[in-house]
Amino acid sequence: MKRDNDFVKAKIISIGDELLIGQVVNTNASWLGNILTTNGIEVVSTLTIGDGERDIVESLDACSDVEIIVMTGGLGPTADDITKPTLCKYFGTELEFCQDAYDNVMSIFKLRGYQMTERNRGQAYIPKSCKYIPNRYGTAPCMWFEKGGSVYISMPGVPFEMKNVFEQEILPKLLEHFKVTPYINKVVMTTGVGESFLADKIKDWEDALPDFLSLAYLPQYGMVRLRLEGRHPDREFLQQTIDNEIDKLNKLIGEYVFGYDDTPIAEAVLDKLGAAGKTLASAESCTGGTIAKMVTAIPGSSEVFKGTVVSYATSVKEEVLGVRHEDVEKYTVVSQQVAEQMATGVRALLKADYAVATTGVAGPGGGTDENPVGTVWIAVAGPNGVISKRCNFGKDRGNNIERASITALEMVRKY
């Protein structure tokens, strides 16, 4: 069965009251969306529904216009797990005992040293009309149905189980069952520039893209990701076209590009410093160690990053980093003078080639007329002196900390 644009399409159904009330974050849908898309299957929608028969039936009816329907959740041994009996009604069949499913449950219970119960034995009963797909990571079976040219997959909601069984068992079967159109994307990571400015700067390039390519703007704290994506029957041609368009894009906005495919800004900074054989240190007040956390999350960062001083208290700024007390009195701790002295101080203290410092008012309180909430001074010290910048990121504390940290690392990269 093929429909619009001759692409294989899919819809994702996530079942569980705990998802609707926000008790559990629905990571399954985002993971499935990514793996389906990268394998050439176009995800057109995701549905999150409760543990009710009517909810399940209505969602299945709403998905009959695509080739693949992927369901997660509602397959446990308890009374609120009603997915299997509901699927029996929907597909006009009944539950029957499956020896392979029972053997799988038995092997898992034996491995874990548990005693089999009658309730768990019930998990070996599956709809008669489905194909059984083994779940070697849990007791809930996976099921494959076919109706009207569409394939319906039912999997457990436990992420660890679902991901493993989908990658190892289900995805290969889907790719064998359907002929998919190759899909490729490339993400360009930018910072130091706003979304609207980028859009104006690359408008002519974007307007001239081939009709099988599209561009998405994905703004987040302190950066904008540009995702260029497309589908084409000729994978090699598609890849070459995307590479060529990325080259054109770099000529337009190369000064703002720090990496590709979700490369963290910290990794881009470490790569530059590491390639030059240089080291980095940080002195953090309002960011509270966030820069250090971002840097040390990157494997191999110990070869470049010397360490940090979280100089939250004014006394630490003065006694550890050497910030002059008279400058604090005259200019306040949120000032260019203090930020620059923090950067030069930690650079000398930790004997680093480069150092970055932040001082500001993260909020929600503490702002003044001179330095309202969101004001942050950032300084970078290096072999060629010190540079500094005053920013204001708004009134949200988390946003201020995140954006100040990203901006600080971008200043290091540009320095």
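In short, a report on the structure. (Residues numbered from 1 in each chain as written. Predicted model: local features only at pLDDT ≥ 70, side-chain atom pairs only at ≥ 80, totals over all residues. Heavy atoms only, no water.)

A few points about the overall build of the chain
Link 1 in the chain: Looking only at helices and strands, the chain features 16 helices and 17 strands.
Link 2 in the chain: Relative to its full complement of 415 residues, the chain shows a buried share of 49%.
Link 3 in the chain: Long-range pairs, those at least 24 residues apart, make up 68% of the contacts in the chain between residues at least 6 apart in sequence.
Link 4 in the chain: Split by element, the accessible area of the chain, about 19,600 Å² in all, is 49% carbon and sulfur.
Link 5 in the chain: For the chain, the centre of its 43 positive side-chain charges and the centre of its 55 negative side-chain charges are spaced 2 Å apart. (Helix = DSSP H or I, 4+ residues; strand = E, 2+ residues; numbered from the N terminus. Buried < 20%, exposed > 50% of the residue type's maximum accessible area, 1.4 Å probe, protein only. Contact = heavy atoms within 4.5 Å. Areas by Shrake-Rupley, 256 points an atom, 1.4 Å probe, with all protein chains shown as cover. Lys, Arg positive; Asp, Glu negative; His and termini not counted. Charge placed at Lys NZ, Arg CZ, Asp CG, Glu CD.)

A short note on the environment of G148
Link 1 in the chain: In this fold, G148 is placed in the loop between β7 (142-147) and β8 (150-155).
Link 2 in the chain: Residue classification places G148 among the exposed positions, given a relative accessible area of 66%.
Link 3 in the chain: Along the chain, G148 and D65 lie 83 residues apart, while their C-alpha atoms are 9.6 Å from each other.

Some details on helix α16 (residues 397-414)
Link 1 in the chain: With 18 residues, α16 should cover 26 Å at 1.5 Å per step; its first-to-last C-alpha distance of 26 Å lies within 8% of that length.
Link 2 in the chain: The element α16 is extensively covered by neighbouring structure, given that 13 of its 18 residues are classed as buried.
Link 3 in the chain: Where α16 begins, the capping side chain belongs to D396, and its oxygen is found 3.2 Å from the backbone nitrogen of G398. (Expected span 1.5 Å × (residues − 1). Polar contact = N/O pair within 3.5 Å; in protein donor to acceptor, adjacent residues only side chain to side chain.)

Let's talk about the nonpolar core
Link 1 in the chain: Core analysis: the largest hydrophobic core is formed by 31 residues, its most contacted members being L280, V295, V356, I378 and L409.
Link 2 in the chain: Every element with two or more residues in this core is listed here: β9 (183-191), α11 (265-276), α12 (290-296), β15 (354-360), β16 (375-382) and α16.
Link 3 in the chain: In this view, V356 contacts L280, A281, S282, A283, I291, I378, A379, V380, A408 and V412; residues no more than four positions away in its chain are not counted.
Link 4 in the chain: Within the second largest apolar cluster, 26 residues are counted, among which are C98, A101, Y102 and C130. (Core = buried A, V, L, I, M, F, W, Y, C linked by side-chain atoms within 4.5 Å.)

What about the side chain of T263?
Link 1 in the chain: Turning to its location among the elements, T263 is positioned in the loop between β12 (257-260) and α11.
Link 2 in the chain: A relative accessible area of 18% places T263 in the buried class.
Link 3 in the chain: Apart from residues no more than four positions distant in its own chain, T263 is found in contact with M189, F258 and A268.

Topic: the packing of aromatic side chains
Link 1 in the chain: A complete count under the given rule lists 11 aromatic pairs for this structure.
Link 2 in the chain: Ring geometry for Y354 against Y415: centres 5.5 Å apart, planes inclined by 80°, an arrangement best described as edge-to-face. Of this pair, Y354 sits in strand β15 while Y415 sits in the segment after α16, and the two are 61 residues apart along the sequence.
Link 3 in the chain: By relative accessible area, Y415 is classed as partly exposed at 25%.
Link 4 in the chain: An aromatic cluster is defined as three or more aromatic residues linked by ring pairs; in this entry it consists of Y90, F91, F145 and Y152.
Link 5 in the chain: K147 extends its terminal NZ or CZ atom over the ring of Y90, reaching a point 4.3 Å from the ring centre.
Link 6 in the chain: In this arrangement the basic side chain of R231 is found over the ring face of F7, its NZ or CZ atom lying 5.6 Å from the centre. (Phe/Tyr/Trp six-rings, centres within 6.5 Å; stacked < 30°, edge-to-face > 60°. Lys NZ or Arg CZ within 6 Å of the ring centre and 35° of its normal.)

So, helix α15 (residues 336-349)
Link 1 in the chain: Spanning 14 residues, α15 covers 20 Å between terminal C-alpha atoms, matching the ideal 20 Å at 1.5 Å per step.
Link 2 in the chain: Considered for burial, the residues of α15 that qualify are V338, A339, Q341, M342, A343, G345 and V346.
Link 3 in the chain: On its buried face, α15 sits against β13 (280-284), β14 (305-310), α13 (314-319), α14 (325-331), β15 and β16.
Link 4 in the chain: Positive backbone phi, approximately 55°, marks K351, located one or two places after α15.

Considering a negative patch on the surface
Link 1 in the chain: On the surface, a cluster of negative charge is contributed by D17, E18, D55 and D80.
Link 2 in the chain: Examined against the element boundaries, D17 turns out to sit in helix α1 (residues 17-20).
Link 3 in the chain: The class of D17 is partly exposed, set by a relative accessible area of 39%. (Patch = residues over 30% accessible without salt bridge, like charges linked within 9 Å, V, L, I, M, F, W, Y side chains within 5 Å. Salt bridge = Lys/Arg side-chain N within 4 Å of Asp/Glu carboxyl O.)

Here's the deal with the environment of G76
Link 1 in the chain: Tracing the backbone shows G76 in the loop between β3 (68-72) and α4 (83-91).
Link 2 in the chain: Residue classification places G76 among the partly exposed residues on the basis of a relative accessible area of 28%.
Link 3 in the chain: It is 44 Å that separates the C-alpha atoms of G76 and I242, two residues lying 166 residues apart in sequence.

What about the sheet that holds β8?
Link 1 in the chain: Taken in spatial order, the six strands make up an open sheet running β2-β1-β3-β8-β7-β6, and their pairing is mixed. If you trace the sheet from one side to the other, it starts and ends with β2 (42-49) and β6 (131-133), each paired once. Each neighbouring strand pair of the sheet contributes to a mean axis angle of 20°, computed without reference to strand direction.
Link 2 in the chain: Alignment of β6 against β7, held across three bridges, turns out to be antiparallel. Bridge pairing in β7 places I133 opposite C142.
Link 3 in the chain: Docked against the sheet, helix α2 (residues 27-38) engages β1 (9-15), β2, β3 and β8, running at close to 165° with respect to β1.
Link 4 in the chain: Contacts between helix α3 (residues 53-61) and the sheet are confined to β1, β2, β3 and β8, with β2 contributing the most and set at about 165° to the helix. (Pairing = 2+ DSSP bridges. Axes fitted to C-alpha atoms, helices over the stretch in contact; angles between N-to-C directions.)

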